[in-house]
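# Summary of the model geometry
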Amino acid sequence: MNYSLQLHPASTHPIPFLADLMTRSFEGYFVPINITETVMHTMIRRDGIDLTASRVLMKDDEPVGIAFIARRGWTSRLAAMGITSNARSGGVGTWAMEQLLEEARSRGDKEMLLEVIEQNTAGVKLYEKVGFTKIRRLVGYKLENPQVESDVDIEEIDIRELARTVTYHGLKDLPWQLSGTTIMQYTPPARAFRLNDAYCLISNPEATDIAIHSVLVKARSRGAGLSAVLMRALFARFPGKVWHVSPIYPEELGFIFEHVGMTRESLSQWQMSRTL
């Protein structure tokens, strides 16, 4: 290696610098990424990103990559890692990941989690090389302008109520972004709705595209089709929209969205874990 590599705390850099570096580090990626200062602040708050544990990758004193580390309890999550196109070779990514894992161990963390796009074979190979194993496949869905009529009366609730319900009734190993702790950080214009024991969180319904951020049915009422009734009621309440489900849902829960006519997206992710 005829160059020097260093990791600097992200906390020593201003937010606009980090947003720009992240955008540049994901050029040519599977999904176009344009991180603004506002988006960066939202990511930090919602995902629990620790800027003192996150790192800017320097190659010969030039910033060439970024790794955002989120932390909760004894668990760290690699919330995002990207390297600029001029530095994506020569083992730079492997070196950076090995350093990040060692830093997590030195903090006393017990586990590191991440999600990586399944079709990003180079990324999957890198994470497996440094000891990550696949937990499950995560999938996403889409539905354009569903033609639905519904006279079901649904109740709008505080997002905090939905978050508490997910924490208590949801799967214990939900992906980080679906956990009650993450959902607790959502604020309007996102909105939460309830139908008996079924709950749903959506992004701003005034926009053309609406993301479904959370769907939950309490265990005692599962199997009765309540989630489908609730989602159809939302489709009817906010007509003429394009509905999206990001690929962060466990594949085994995909039937929830297929039951309302949503189509599975081509991109999927692996949820991965590394014991420290």
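An account of the accompanying structure is given in this report.

Analysis parameters
Residues numbered from 1 in each chain as written. Predicted model: local features only at pLDDT ≥ 70, side-chain atom pairs only at ≥ 80, totals over all residues. Heavy atoms only, no water. Phe/Tyr/Trp six-rings, centres within 6.5 Å; stacked < 30°, edge-to-face > 60°. Buried < 20%, exposed > 50% of the residue type's maximum accessible area, 1.4 Å probe, protein only. Lys NZ or Arg CZ within 6 Å of the ring centre and 35° of its normal. 1 Å grid on protein atoms, 1.4 Å probe; cavity = no way out; pocket = protein on both sides within 12 Å on 5 of 7 lines; lining within 4 Å. Points joined across faces, edges and corners; volume = space filled by probe spheres on them. Helix = DSSP H or I, 4+ residues; strand = E, 2+ residues; numbered from the N terminus. Nonpolar A, V, L, I, M, F, W, Y, C, P; charged D, E, K, R; others polar. Polar contact = N/O pair within 3.5 Å; in protein donor to acceptor, adjacent residues only side chain to side chain. Contact = heavy atoms within 4.5 Å. Axes fitted to C-alpha atoms, helices over the stretch in contact; angles between N-to-C directions. Parallel < 35°, antiparallel > 145°, perpendicular 65-115°, else oblique. Salt bridge = Lys/Arg side-chain N within 4 Å of Asp/Glu carboxyl O.

Time to look at the packing of aromatic side chains. In this structure the tally under the stated criterion is 7 aromatic pairs. Aromatic side chains Tyr 127 and Phe 132 sit 6.0 Å apart centroid to centroid with 70° between the ring planes, which places their arrangement in the edge-to-face category. For the pair Tyr 127 and Phe 132, one class covers both residues: buried. Here the guanidinium or amino end of Lys 110 rests over the ring plane of Trp 74, the centre of that ring lying 5.2 Å away.

Next up on the list: empty space enclosed by the protein. Rolling a probe over the atoms, with the probe sized like a water molecule, indicates the empty space that remains. Here the structure, examined in full by the defined rule, presents 1 cavity of 30 Å³ or more. One number sums up the size of the largest cavity: a volume of about 50 Å³. Counting residues per element, the ones that place at least two in the lining of the largest cavity are β2 (55-59), β3 (62-72), β4 (75-83) and α3 (92-107). Among the residues making up the lining of the largest cavity, the classes are represented as 9 nonpolar, 1 polar and 1 charged.

To continue, consider the side chain of Ser 268. Tracing the sequence through the fold places Ser 268 in the loop between β12 (263-264) and β13 (269-275). Among the polar contacts made by the side chain of Ser 268, one reaches the side chain of Glu 118 at a distance of 2.5 Å. Excluding residues that lie within four positions of it along the chain, Ser 268 makes contacts with Val 116, Ile 117, Glu 118, Gln 119, Arg 137, Leu 138, Val 139 and Pro 247.

As a further point, take the packing of helix α1 (residues 15-25) against helix α2 (residues 37-47). The relative placement of two packed helices comes down to the angle between their axes together with the axis-to-axis distance. Where α1 meets α2, the axes come as close as 9 Å, and the angle between the chain directions of the two elements is 95°. Classed by the angle they form, the pair α1 and α2 counts as roughly perpendicular. Within the contact between the two elements, α1 uses Ile 15, Pro 16, Leu 18, Ala 19 and Met 22 and α2 uses Glu 37, Met 40, His 41, Met 43 and Ile 44. The residue inventory of the contact of α1 with α2, partitioned by class, reads 8 nonpolar, 1 polar and 1 charged.

Moving on, we come to the layout of surface pockets. Quantified by volume, the second largest pocket comes out at close to 450 Å³. What lines the second largest pocket is a set of 23 residues, and nearest its centre among them are Val 215, Val 217, Arg 222, Leu 253 and Ile 256. Tallied by class, the residues present in the lining of the second largest pocket amount to 14 nonpolar, 8 polar and 1 charged.

With that settled, consider the pattern of salt bridges. Across all of its chains, the model carries 17 salt bridges by this definition. A salt bridge links Arg 105 to Glu 102, with the nearest nitrogen and oxygen atoms 3.2 Å apart. Taken together, the residues span about one helical turn, with Arg 105 and Glu 102 both in helix α3 at a distance of 3 residues. Taking the shortest distance from any N to any O, the salt bridge between Glu 118 and Arg 137 comes out at 2.8 Å. Here Glu 118 is found in the loop between β5 (111-117) and α4 (121-129), whereas its partner Arg 137 is found in strand β6 (residues 133-144), with 19 residues between them in sequence. Residues joined by salt bridges that share partners form a network here, namely Glu 118, Arg 137, Glu 251 and Arg 264.

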